[in-house]
Amino acid sequence: MKHVLILGGDGYLGWPTAMHFSARGWRVTVVDNYFRRNACTELDTGMLYPTPTLPERARIWYEKTGHDIKVVIGDLADPAFMRSLFDERLRYDQAIEPGYSGLPDAIVHYAEQPSAPYSVMDYRRADITLTNNLRVTNNLMWAVRDFCPQTPIVKLGTMGEYGTPNIDIEEGWLDIEHKGRRDRFLFPRQASSIYHTSKIMDTDLLWFGVRTWGLTVTDLMQGPVYGVATDESAIDERLNTLFNYDEIFGTLINRFVTQAVIGYPLTVYGQGGQTRGYLDIRDTLQCVWLSVTQPPPAGELRIFNQVMETFSVNELAKLTQRVGRSLGHDVVIDHIDNPRKEAEAHYYNPTYQGLIELGVEPHYLTEDSLAALFAIVEKHRHTIRREVIFRGVKW
Ligand code: USQ
């Protein structure tokens with residue numbers, strides 16, 4: 001039985017990924033320190049519905065499917081904790097039960113602070129973002145180097161590393177001719193938050209590990225994800241992933257649908273021409289699954305742009321309005337002063353072929369798929385808190 005270690009296994013993507021691998025016959029160990037839940041509690045962000053603790057989710061999953069997901073709670077920014085996951089003899093924390101350690105066949109690394117607004121709120125959160133994201137990545141890199149240098153790492157990156165350059169965005173690399181000579185470099189990166197900058201830095205860390213120690217890494221440059229429902233969450237709604245709609249942890253489409261359901265004018269920032277590549281949460285699972293099961297050649301850094309289609313904020317607002325109105329909601333679009341420093345009208349043309357060539361079959365955003373998301377949010381409409389939707393975190 002193949003073993004995957006999922007770092008950040010309690011998060012929006014981590015838990016669905018754990019179920020996805022478990023359902024396909026993999027032995028799964030999830031590790032998390034509840035950073036996301038604790039930050040949401042501290043900042044009082046609210047969530048659409050409560051999510052059971054990680055051991056409780058694993059218990060429900062076992063009851064429903066007979067598959068065991070092992071849970072380890074701990075802080076991966078602590079190097080001793082990270083290393084103890086790979087070697088039983090280094091076990092120093094009772095949270096890691098005997099038999100939990102061991103060399104994995106693959107590692108999926110989601111264990112990062114994922115919010116751009118969180119990372120620029122104040123110095124403390126900027127520091128938490130950098131410290132957590134870089135230390136966890138560095139700890140992982142060294143642990144893999146020392147215990148299992150052949151094990152492929154799949155690391156979640158972000159399209160935001162590239163920013164919005166006035167040229168086409170290639171998949172990770174750019175061939176440059178300069179004064180008659182040619183070479184290949186990482187595509188230029190220019191992020192617009194501390195969070196996105198931390199992702200550039202951890203790409204660079206792992207690229208160093210690949211060049212120096214021959215590590216094998218796939219970096220998935222992902223756009224904003226939307227949705228909740230996956231094949232595995234359909235088994236029991238308590239297995240649904242967490243859903244944030246607040247300004248700090250909520251992503252655009254999930255926010256717009258929530259706003260539409262409670263009659264809150266859709267919060268288009270500035271002109272609304274900001275264009276990004278989006279994907280359905282089910283496609284994240286396909287991308288990660290295929291990246292793990294079809295690893296790159298040993299000693300390579302492979303980079304994919306993990307998006308399925310591009311939209312501007314205005315296009316998404318109009319689509320949400322159209323679908324919302326057809327469902328009987330009074331949806332109004334508002335343009336508010338952009339709290340972020342970002343281009344509002346820009347060129348955006350990313351390449352995203354690699355994952356399709358690997359076999360991903362996209363779930364495109366349609367009126368029907370958006371209506372399905374409306375149905376989930378409508379079910380919990382009484383829990384939605386208006387006051388957390390916009391609080392004005394400024395860059
Ligand atoms: N936006 C609005 N109104 C809102 C919220 C956002 O107009 O109420 C705009 C933002 O200004 C931005 C775009 O919508 O131009 C996307 O914002 P977002 O909050 O959905 O996404 P972002 O902050 O970029 O971050 C999210 C995830 C992050 C991931 C990133 C991929 O939180 O973990 O890395 O999407 S990407 O955007 O491609 O960098």
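Since we're looking at a predicted model, the values are computed, not measured.

A. Structural view of the overall build of the chain. A count of helical and extended segments in the chain gives twelve helices and 14 strands. Summarising its shape, the C-alpha atoms of the chain cover approximately 65 × 60 × 40 Å along the three principal directions. Summed over all atoms, the accessible surface of the chain reaches about 16,200 Å², with 51% contributed by carbon and sulfur. Mean positive and mean negative side-chain charge positions of the chain (40 and 50 charges, respectively) differ by 2 Å.

B. Layout of the sheet that holds strand 2 (residues 27-32). Spatially, the seven strands line up as an open sheet ordered 3-2-1-4-5-8-12, and their pairing is parallel. Two strands bound the open sheet, and with one partner strand each, they are strand 3 (69-73) and strand 12 (301-306). Between one strand axis and the next, the sheet turns by 20 degrees as a mean value, whatever way the strands run. Where strand 2 meets strand 3, five bridges bridge the pair, whose relative direction is parallel. In the sheet register, Val31 faces strand 3, and the bridge partner there is Val72.

C. Summary view of the layout of surface pockets. In this structure, the second largest pocket spans a volume of roughly 180 Å³. In this structure, the second largest pocket is lined by 13 residues; those nearest its centre are Ala229, Asp280, Arg282, Ser369 and Ala372. When contributions to the lining of the second largest pocket are tallied by element, the ones reaching two or more residues are helix 9 (281-293) and helix 12 (367-379). Here the residues of the lining of the second largest pocket are counted per class, giving seven nonpolar, three polar and three charged.

D. The site of the ligand, seen in detail. Around the ligand, the surrounding shell holds 21 residues, and the nearest of these are Pro114, Thr158, Tyr195, Thr267 and Glu342. In this structure, an oxygen atom belonging to the ligand sits 2.9 Å away from a main-chain N or O atom of Gly160. Here an oxygen atom of the ligand sits 3.4 Å away from a polar atom, N or O, in the side chain of Arg276. Out of a free accessible area of 730 Å², the ligand has 93% covered by protein chains. At the level of elements, helix 7 (194-213), helix 8 (252-261) and strand 10 (266-269) are the ones that each hand at least two residues to the shell around the ligand. A per-element tally of the shell around the ligand places strand 10 first, with three residues. Taken together, the residues that form the shell around the ligand break down as nine nonpolar, eight polar and four charged.

E. Representation of the packing of helix 1 (residues 14-23) against helix 9. Running from amino to carboxyl end, helix 1 crosses helix 9 at an angle of 55 degrees, the nearest separation of the two axes being 10 Å. What the angle tells us is that helix 1 and helix 9 run oblique. Our pair here, helix 1 against helix 9, has a crossing hand that is right-handed. Residue-level contacts link Pro16, Thr17, His20 and Phe21 of helix 1 to Ile281, Leu285, Val288, Trp289 and Val292 of helix 9. Class assignment of the residues belonging to the contact of helix 1 with helix 9 gives a composition of seven nonpolar, two polar and no charged.

F. Region of the structure containing helix 2 (residues 35-43). Every buried residue belonging to helix 2 is among Phe35, Arg36, Arg37, Ala39, Cys40 and Leu43, and all of these are buried. Two residues or fewer after helix 2 comes Asp44, characterised by a positive phi angle close to 55 degrees.

G. Just the sheet that holds strand 11 (residues 275-280), in detail. Strand order in the open sheet formed by three strands is 9-11-13, with mixed pairing between adjacent strands. Each edge of the open sheet is held by one strand with a lone partner, namely strand 9 (225-226) and strand 13 (309-312). Pairing analysis gives four bridges linking strand 11 to strand 13, with the strands arranged antiparallel. Across the sheet, residue Arg276 finds its bridge partner in strand 13, namely Phe311. Along the sheet, helix 9 makes contact with strand 9 and strand 11, crossing strand 11 at roughly 80 degrees. Each of strand 11 and strand 13 touches helix 10 (residues 313-326); the most contacted strand, strand 13, lies at about 85 degrees to it.

H. A look at the pattern of salt bridges. All chains considered together, the criterion is met by 24 salt bridges. Glu63 is the salt-bridge partner of Arg59, the closest N and O atoms lying 2.2 Å from each other. Residue Arg59 and its partner Glu63 are located together in helix 3 (residues 54-65), separated by four residues, close to a single helical turn. A cluster of three or more residues bridged by salt bridges with shared partners is formed by Glu42, Asp122, Arg124 and Arg125.

I. How the structure looks around helix 6 (residues 123-147). Helix length check: helix 6, at 25 residues, gives a terminal C-alpha distance of 35 Å against a target of 36 Å (1.5 Å per residue), a fit within 8%. By the burial criterion, the buried members of helix 6 are Arg125, Ala126, Thr129, Asn132, Asn133, Val136, Thr137, Asn139, Leu140, Met141, Ala143 and Val144.

Rules behind the numbers
Residues numbered from 1 in each chain as written. Predicted model: local features only at pLDDT ≥ 70, side-chain atom pairs only at ≥ 80, totals over all residues. Heavy atoms only, no water. Helix = DSSP H or I, 4+ residues; strand = E, 2+ residues; numbered from the N terminus. Areas by Shrake-Rupley, 256 points an atom, 1.4 Å probe, with all protein chains shown as cover. Lys, Arg positive; Asp, Glu negative; His and termini not counted. Charge placed at Lys NZ, Arg CZ, Asp CG, Glu CD. Pairing = 2+ DSSP bridges. Axes fitted to C-alpha atoms, helices over the stretch in contact; angles between N-to-C directions. 1 Å grid on protein atoms, 1.4 Å probe; cavity = no way out; pocket = protein on both sides within 12 Å on 5 of 7 lines; lining within 4 Å. Points joined across faces, edges and corners; volume = space filled by probe spheres on them. Nonpolar A, V, L, I, M, F, W, Y, C, P; charged D, E, K, R; others polar. Near = heavy atom within 4 Å. Polar contact = N/O pair within 3.5 Å; in protein donor to acceptor, adjacent residues only side chain to side chain. Parallel < 35°, antiparallel > 145°, perpendicular 65-115°, else oblique. Left-handed = near helix turned anticlockwise from the far one by under 90°. Contact = heavy atoms within 4.5 Å. Buried < 20%, exposed > 50% of the residue type's maximum accessible area, 1.4 Å probe, protein only. Salt bridge = Lys/Arg side-chain N within 4 Å of Asp/Glu carboxyl O. Expected span 1.5 Å × (residues − 1).

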